[in-house]
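Here is how the chains run, residue by residue.
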Amino acid sequence: MESRGMALILWASVVLVACTSHVSGNEVVVAPRHHKCRDVEPGSKTDPVNQCTACFMETLMSRQMISSSGSDLVIGANDGISFDPAWYFGYWQKVSQHTITWVEPNPTLFKRLSKNTANISNKVLLNRAVRPASMADTELTLFCWNLTMIEAVLAGKMERPWDARLGEVKPHWTALCSLSLPSVVEASDLQKGLEFKALPEAERNALVKDIQDRWIIKHTVPALLPEELAAEAGITELRYLQIDVEGLDNEVVKSLPLGKPSFSPEVILFENHQGFNVKPFLESKGYYVCCCLRQWGSNIVAVKANSSLPSLAALSTTSAIQA
C-alpha cells in the first residue's frame with residue numbers, strides 16, 4: 001500500500017438505513033446501506049475504480065463504523081503512517097473508542113511504529129509475522145532493505161552505494177521485504193534497466209551479490225496464524241482489517257477465520273496480487289468484493305453484506321442516554 005495530502009472524503013450526505021443484501025449467482029450485492037458497493041452496470045461511464053473507492057470510503061467512514069465500539073487490525077503495519085490508507089484518510093483519528101492492533105514483523109519498522117503511535121492509548125503492538133494456514137513454520141525469515149542506508153541516500157546525506165547502472169534508491173523500499181533474498185532485490189526493479197541488462201552476466205551477478213551482502217538485512221520473527229494474532233491481541237468485534245504482507249496477501253485472506261463471533265470485519269482491505277483469485281472465497285463468506293482502492297498501489301476492497309454494526313437509531317439512543 002504505497003503519499004499523503006488529499007482531502008478526507010466524507011460521504012456525509014448519504015442517508016444510511018438498515019443493511020440488507022441479496023445474492024444473484026455468485027454475485028454479492030450490498031444494499032441499501034452501502035449503496036456505492038455494487039458493480040458498475042455494463043455501458044456505464046462510471047469508473048469501476050472510482051466506484052470501488054467510494055464503496056470503501058462510504059463504509060469505512062460511516063457513522064456506524066466511527067461511532068461503534070470494537071477493534072481494528074493492521075497486518076503489515078510498516079511504521080504506522082507510511083503507506084497506510086486508514087491513516088491517510090483520517091480513520092484512526094476518528095475511532096478513539098476502538099482498540100487498534102498494529103502488527104509489524106520488521107524490528108526496525110516496529111520501533112518506529114511504537115514511536116509514531118506513542119500518543120494513542122487504545123492500541124496493541126505486536127512484533128510478529130503472519131503466516132497462512134498453508135505454511136507450517138512458526139518462525140519466518142524476512143529479508144528487508146537496510147532502512148538507514150535508504151533514508152540517508154534519499155535525504156542526500158549519503159551517495160548511492162552502488163553502480164549507477166543499477167538505478168536509484170526508491171522511497172518504497174523502506175517497506176519492502178521478502179521471504180527470499182533474491183526476491184527482495186528483484187522486487188526492487190534494480191535489474192530492469194537497459195544499461196544493467198547490457199552488462200556481461202558475470203558482472204551483473206557480482207553487482208547484485210554485492211547489494212545482497214551489504215544492504216539486505218535478515219530478520220527472523222515469530223509467525224502466527226491470523227486467528228492466533230487476534231487472540232494474542234485480545235480482539236473482539238473486529239471492524240476493520242487491513243493486510244499488506246508482500247505477496248502473501250491472498251493466502252492470508254484464505255486463512256482468515258471469517259464468520260467467527262470475534263472475527264467478522266465490516267471492511268477488509270488487502271494488497272492486490274491477483275486478488276480476485278480469492279473473490280469467490282470472500283463472497284462465500286458474505287462479502288462484496290471490488291477493485292480497487294488505488295492508494296499506494298492497488299488494493300482489493302471487501303465489504304460485509306449483512307452488517308453487524310449498530311443501527312443509526314441504536315446509536316442515537318445510546319448517545320442520548322450518555323448525554
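Residues numbered from 1 in each chain as written. Predicted model: local features only at pLDDT ≥ 70, side-chain atom pairs only at ≥ 80, totals over all residues. Heavy atoms only, no water.

(A) How the structure looks around the pairing of strand S4 (residues 98–103). Buried residues dominate S4, accounting for five of its six residues. Of the strand pairs in this sheet, strand S3 (residues 70–75) and S4 are connected by six bridges, and their pairing is parallel. Looking across to S4, one finds that Leu73 is bridged to Thr101. One ladder, built from four bridges, connects S4 with strand S5 (residues 123–126); its direction is parallel. Each bridged residue has a counterpart across the sheet, and for Val103 the counterpart in S5 is Leu126. The parallel pair S4 and S5, bridged by helix H5 (residues 107–116), forms a crossover whose chirality is right-handed. (Buried < 20%, exposed > 50% of the residue type's maximum accessible area, 1.4 Å probe, protein only. Helix = DSSP H or I, 4+ residues; strand = E, 2+ residues; numbered from the N terminus. Pairing = 2+ DSSP bridges. Right-handed = clockwise from strand over helix to strand, strands pointing away.)

(B) A look at the state of the cysteines. The tally for this structure, following the rule as stated, stands at four disulfides. Between the sulfur atoms of Cys37 and its disulfide partner Cys55 the distance amounts to 2.0 Å. One disulfide, between Cys37 and Cys55, carries an S-S torsion of 95° and so falls in the right-handed class. Here the residue Cys37 occupies a position in the loop between strand S2 (27–31) and helix H1 (48–60), and Cys55 occupies one in helix H1, the gap between them amounting to 18 residues. Take the cysteines of the chain that form disulfides and number them in order along the sequence; they join up as 1-3, 2-6, 4-5, 7-8. (Disulfide = S-S within 2.5 Å.)

(C) Representation of empty space enclosed by the protein. Put simply, the largest cavity is a space of about 40 Å³. As for the largest cavity, its lining consists of 10 residues, of which Gly76, Ala77, Asn78, Ser82 and Phe83 are closest to the centre. The residue inventory of the lining of the largest cavity, partitioned by class, reads four nonpolar, four polar and two charged. (1 Å grid on protein atoms, 1.4 Å probe; cavity = no way out; pocket = protein on both sides within 12 Å on 5 of 7 lines; lining within 4 Å. Points joined across faces, edges and corners; volume = space filled by probe spheres on them. Nonpolar A, V, L, I, M, F, W, Y, C, P; charged D, E, K, R; others polar.)

(D) Focus on the packing of aromatic side chains. Throughout the structure, instances matching the rule amount to 10 aromatic pairs. A centroid spacing of 5.5 Å and a plane angle of 65° characterise the contact between Tyr91 and Tyr240, whose relative ring orientation is edge-to-face. Placement of Tyr91 in helix H4 (residues 91–94) and of Tyr240 in strand S10 (residues 238–243) is noted, with a sequence separation of 149 residues between them. Using a relative accessible area of 0% as the deciding quantity, one classes Tyr91 as buried. (Phe/Tyr/Trp six-rings, centres within 6.5 Å; stacked < 30°, edge-to-face > 60°.)

(E) Structural view of the nonpolar core. One finds Leu241, Ile268 and Leu282 to be the most contacted residues of the largest nonpolar core, which totals 37 residues. Setting aside residues up to four positions removed in sequence, Ile268 forms contacts with Leu241, Leu256, Leu258, Leu282, Tyr287, Ile300, Val301 and Ala302. One finds Met65, Ile66, Val74 and Cys290 within the second-largest nonpolar core, a separate group that totals 32 residues. (Core = buried A, V, L, I, M, F, W, Y, C linked by side-chain atoms within 4.5 Å. Contact = heavy atoms within 4.5 Å.)

(F) Geometry of helix H6 (residues 147–154). When we look at burial in H6, the residues that qualify are Leu147, Met149, Ile150, Ala152 and Val153. Where H6 is buried, its residues meet H5, strand S7 (139–145) and helix H9 (201–215). Backbone nitrogen of Thr148 and a side-chain oxygen of the N-cap are separated by 3.0 Å at the start of H6; the cap is Asn146. Positive phi shows up at Gly156, right after H6, with a value of about 75°. (Polar contact = N/O pair within 3.5 Å; in protein donor to acceptor, adjacent residues only side chain to side chain.)

(G) Summary view of the pattern of salt bridges. Counted according to the given criterion, the structure contains 14 salt bridges. With a shortest N-O distance of 2.3 Å, Arg112 and Glu151 are connected by a salt bridge. Taken together, the residues span a long stretch of sequence, with Arg112 in helix H5 and Glu151 in helix H6 at a distance of 39 residues. Residue classification places Arg112 among the partly exposed residues on the basis of a relative accessible area of 26%. Residues Lys254 and Glu251 are paired through a salt bridge, measuring 3.0 Å at the closest nitrogen-oxygen approach. Taken together, the residues Lys254 and Glu251, both in helix H11 (residues 249–254) and three residues apart, mark about one turn of the helix. Here the salt bridges do not stand alone but share partners, grouping Asp163, Arg165 and Glu203 into one network. (Salt bridge = Lys/Arg side-chain N within 4 Å of Asp/Glu carboxyl O.)

(H) Quick peek at the environment of Leu293. Take Leu293: it is sitting in strand S12 (residues 287–293). When residues no more than four places from it in sequence are discounted, the contact partners of Leu293 are Thr53, Phe56, Pro85, Phe89, Leu269, Ser298, Asn299 and Val301.

(I) Just the environment of Asn272, in detail. Secondary-structure assignment places Asn272 in the loop between strand S11 (267–271) and helix H12 (279–284). Note on Asn272: relative accessible area 25%, which makes it partly exposed. Here the alpha-carbon distance between Asn272 and Cys291, two residues 19 residues apart in the chain, equals 8.3 Å. With residues up to four places along the chain from it excluded, the contact list for Asn272 reads Cys291, Cys292, Ser298, Asn299 and Ile300. Within the local environment of Asn272, its side chain forms a polar contact with the backbone nitrogen of Gly275, the two atoms lying 2.8 Å apart.

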